[in-house]
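One letter stands for each residue in the lines below.
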Amino acid sequence: MGKNYLRKFLFNKSRLVLIGIENFNREYQGKFLLAKKLSSEGFKVILAHKSFIQSIVKFYPIREQIYIDKDARTHSGPRYAKAKKAGFNIFCFDEEALLRNKSDQFLKTSHKPVSVNSIDGIFSWGEKHSKILKEAGYKPSQIIKTGNPRFDPYKLKASDIVDSKKKYILICSRFASANPNNDLDENNLPYSWEYYIESKKVFSSFIQIPNKLRLAGIQTPILIRPHPSESHEMWRRVTKSLPNILITNSSPLINSFSQTKLIIHNRCTTSVEAFMYNIPVISYEPIDLTDDGCTPPEEFINSVASFIAKDHNQIIESVASIENNYKNFFNLNSSVLKNSEYLYSADKLAFIEIANYLKRKFPPKEQGIGLLKFVTIIFIGTIISFYHFFLKIKLYIF
C-alpha cells in the first residue's frame, strides 16, 4: 500500500494547495488536520510558515492552484491582487475575526476592496462573521460557511475520563496591548483607545491572581501562558517569590491541556478550547467592558464558563469549588455552543467541511501538477527560506 501511494504521489498529477501559518502554537494543529485530509483526497499540500508560502506564490506562481492565507489584513491586498492575476485560487481563514461582533473597527484594518475583489472565498467562523464579511462587500458565493479548523483538535482529543489528579491551574493572558513585548505607539493603535485603557485596567487586576491564590493557601501548581505578543517580564516579576509557577507559551496549547485541572482567563478564546476539551473554566470579569467591537464578546466567551468571578475572592472560591467537586464541572457532550452565532462548526469538524468544499469546487486531478513542478516549488521555497535566515542574522549582527 505504501509503494502504491508513493507511486501515485510521484507520477500522478494533482492540484496543489498552499497553506500559510503565522502562529504555529495556535494554528498548526487544526491546519495540519486540514492538510492531512486534503492529501488523502488527492491534493498535493504544502503547509508552512506564511512567509515561505508567500514567497512561492510570488516567485513561482502556477495557474489554477489553491493558495490559503491566514487573513485579509490591509497589507495583504496588493499580494492577493498579484496572485489572482497570476492565476491562483485564493482563500483565507480570517484568524482574528472570531471575536468580532461589530464591523467598524475590524474593517479599518481588514478586507479592503482590493482583497474583496481578489479573494475567491473566506472560511467564515459563524453567522456573526458572515454578516461582517457581507458588510465588507463579499458576495454570498465568497462567504464559505464551514467554520475554522482551529478548534478541531480539541474536539478530537476531548477527555472522556474525569481526572482529579491533573496538575495545573492554567492562567491564560490575552493582554498584548496592555503588556506588549515590543514598544507600543499609543498614537497609532490598531484598536480603539477605550479598548487599550480597559485592557490595562483588567491586566492590573489579572496579574495579581497567582499571588492571591497562594495567599489563600491554594498550592496547586500554576501554569501562566501569556499571549504570543505579550511580555513575560511583568509576569516573572510579580511571581518570582511564589512557589510552583511556570511561565511559558513555547508549545501548542493542546500539549498543556492533558495536565490542566482548570483555567482562569478574561475574554480569551482559550476558554472555548478548554470547554471543548472538557476542562472547567473560570471567567474573570473585574470591570464592565465597553462593547466597541474590539473587546471579545461577553455572551460568547462566558457561555462556556463554569464560574464568572468579579473579584479575587470569587476566583478563590471558584477554584476551591472546582477542586473539591471536580466531577460536577465536567462538561462532556455539552450543547452550549451548538446554536452559537459565532461558530458554524461547534458540533462538526471544520477541516472536513473545508476539504469537502475544495474537493467539490476544485477536483484534485483537474489542472494538477506533476513531480517536477512540485520539487521545483520545494527547492525555490527552501532557497528563499535560507536567504531570509541569513538576512535575519545579518540584521541582528549589524
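Look up: the structure comes first, before these words.
First things first, this report covers the structure right here in the doc. All values derive from a computational prediction rather than experimental measurement.

Considerations on helix α6 (residues 127-136)
If you check which residues of α6 are buried, you get H129, S130, I132, L133 and A136. Considered in projection along α6, the buried side chains sweep an arc of 160 degrees and stay on one side of the axis. What points out from α6, more than 90 degrees from its buried face, is the exposed set K134 and E135. Of the surrounding elements, those touching the buried residues of α6 are α5 (113-116), β5 (121-123) and β6 (143-144). Once α6 ends, the next one or two residues include G137, with phi positive near 115 degrees.

With respect to the pattern of salt bridges
Taken as a whole and assessed by the stated rule, the structure comprises 18 salt bridges. The residue E96 makes a salt bridge to R26 at a minimum N-O spacing of 2.7 Å. Linking E96 in the loop between β4 (89-92) and α5 with R26 in helix α2 (residues 24-40), this pair joins segments that are 70 residues apart in sequence. Between R267 and E285 there is a salt bridge, with the nearest N and O atoms lying 2.6 Å from each other. Of this pair, R267 sits in the loop between β10 (260-265) and α12 (270-276) while E285 sits in the loop between β11 (281-284) and α13 (298-301), placing them 18 residues apart in sequence. A relative accessible area of 4% places R267 in the buried class.

Notes on the sheet that holds strand β9 (residues 245-247)
In spatial order, the strands read β9-β8-β7-β10-β11-β12; together these six strands make up an open sheet with parallel pairing. Bordering the open sheet on either side are β9 and β12 (307-309), each of which pairs with just one other strand. Strand after strand, the sheet turns through a mean of 20 degrees between neighbouring axes, direction not considered.

Brief notes about the side chain of H265
Along the chain, the position of H265 falls in strand β10. Since its relative accessible area comes to 0%, H265 is described here as buried. At 3.1 Å, the side chain of H265 and the backbone nitrogen of C268 are in polar contact.

Some details on the pairing of β11
A regular strand places its side chains on the two faces of the sheet in alternate fashion. Of the two faces of β11, the one carrying V281 and S283 and the one carrying I282 and Y284 are both buried. With three bridges connecting them, β10 and β11 associate as parallel partners. Following the sheet pairing, I263 is matched in β11 by V281. Read from β10 through α12 to β11, the crossover connection turns out right-handed. One ladder, built from three bridges, connects β11 with β12; its direction is parallel. Considered in β12, the bridge of Y284 is made with A309.

Reading guide: rules and limits
- Residues numbered from 1 in each chain as written.
- Predicted model: local features only at pLDDT ≥ 70, side-chain atom pairs only at ≥ 80, totals over all residues.
- Heavy atoms only, no water.
- Buried < 20%, exposed > 50% of the residue type's maximum accessible area, 1.4 Å probe, protein only.
- Helix = DSSP H or I, 4+ residues; strand = E, 2+ residues; numbered from the N terminus.
- Arc of directions from axis to C-beta.
- Contact = heavy atoms within 4.5 Å.
- Salt bridge = Lys/Arg side-chain N within 4 Å of Asp/Glu carboxyl O.
- Pairing = 2+ DSSP bridges.
- Axes fitted to C-alpha atoms, helices over the stretch in contact; angles between N-to-C directions.
- Polar contact = N/O pair within 3.5 Å; in protein donor to acceptor, adjacent residues only side chain to side chain.
- Right-handed = clockwise from strand over helix to strand, strands pointing away.

It is worth stressing that arrangement in space is one thing and function is another; only the former is reported here.
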